[in-house]
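Next come the chains, spelled out residue by residue.
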Amino acid sequence: GFSAEDLKMLGLLAGTALALTLPAAGPASAIAPVARAPAAVPARASLSMGAVGADDFVPDMQRRTIMNLVLLGGAGVPVLWLAGGYIYFLVPPGGGGGGAGVTARDALGA
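Cut-offs applied
Residues numbered from 1 in each chain as written. Predicted model: local features only at pLDDT ≥ 70, side-chain atom pairs only at ≥ 80, totals over all residues. Heavy atoms only, no water. Helix = DSSP H or I, 4+ residues; strand = E, 2+ residues; numbered from the N terminus. Buried < 20%, exposed > 50% of the residue type's maximum accessible area, 1.4 Å probe, protein only. Areas by Shrake-Rupley, 256 points an atom, 1.4 Å probe, with all protein chains shown as cover. Expected span 1.5 Å × (residues − 1). Bend = angle between axes of the 7 residues up to and from the residue. Patch = residues over 30% accessible without salt bridge, like charges linked within 9 Å, V, L, I, M, F, W, Y side chains within 5 Å. Salt bridge = Lys/Arg side-chain N within 4 Å of Asp/Glu carboxyl O.

**Considering the overall build of the protein chain**
Move 1: Helix and strand counts for the protein chain come out as 2 helices and 0 strands.
Move 2: Burial statistics for the protein chain: of 110 residues in total, 4% are counted as buried.
Move 3: For the protein chain, the accessible area works out to roughly 10000 Å², and carbon and sulfur atoms hold 69% of it.

Take a look at the structure:
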């Protein structure tokens, strides 16, 4: 098993990794999208000019749901691992054992 000191160090490393990855997303998300005027659509635009690929394959809803669950499961494991280590670092150490200390005595040694 791991000692409490090892777990604290693991929590510190996980928290540091989390703290280093969050600022990387900050500046990109702070930039507001630029509003543009919609492009002029020709009067005789055909409906065949869609965003569908050449083979016209669109996954059904069940397959899309499964893909979303796989994505969430794959991304959720490292996120929860890092968040757990960060939160564990903030938890104070437990009471611990005893038996290693010296019992207090009065002036007479009793």
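Additional details are given in the paragraphs that follow.
**Quick look at helix α2 (residues 61-90)**
Move 1: Taking 1.5 Å as the rise per residue, α2 with 30 residues should run 44 Å; its terminal C-alpha atoms sit 42 Å apart, in good agreement.
Move 2: The sharpest bend along α2 comes to roughly 30°, located at glycine 76, with the proline proline 78 sitting one to four residues further on.

**Some points on a nonpolar patch on the surface**
Move 1: Where nonpolar side chains cluster on the molecular surface, the patch consists of Met9, Leu12, Leu13, Tyr86, Ile87, Tyr88, Phe89, Leu90 and Val91 and spans about 850 Å² of accessible area.
Move 2: The set of elements that each furnish at least two residues to the nonpolar patch consists of α1 (4-30) and α2.
Move 3: Tallying contributions element by element places α2 first for the nonpolar patch, with 5 residues.
Move 4: With respect to the helices, strands and loops of the structure, leucine 12 is situated in helix α1.

**Comments concerning unusual backbone geometry**
For residues that are not glycine, phi is negative in most cases, and the peptide bond is trans in most cases.
Move 1: Phi is positive for aspartate 56, which is not a glycine, with a value near 55°.
Move 2: Mapped onto the secondary structure, aspartate 56 falls in the loop between α1 and α2.
Move 3: Residue classification places aspartate 56 among the exposed positions, given a relative accessible area of 56%.

**A few points about the environment of proline 92**
Move 1: Position of proline 92 relative to the elements: it lies in the segment after α2.
Move 2: Sequence-wise, proline 92 and lysine 8 are 84 residues apart; in three dimensions their C-alpha atoms are separated by 9.9 Å.

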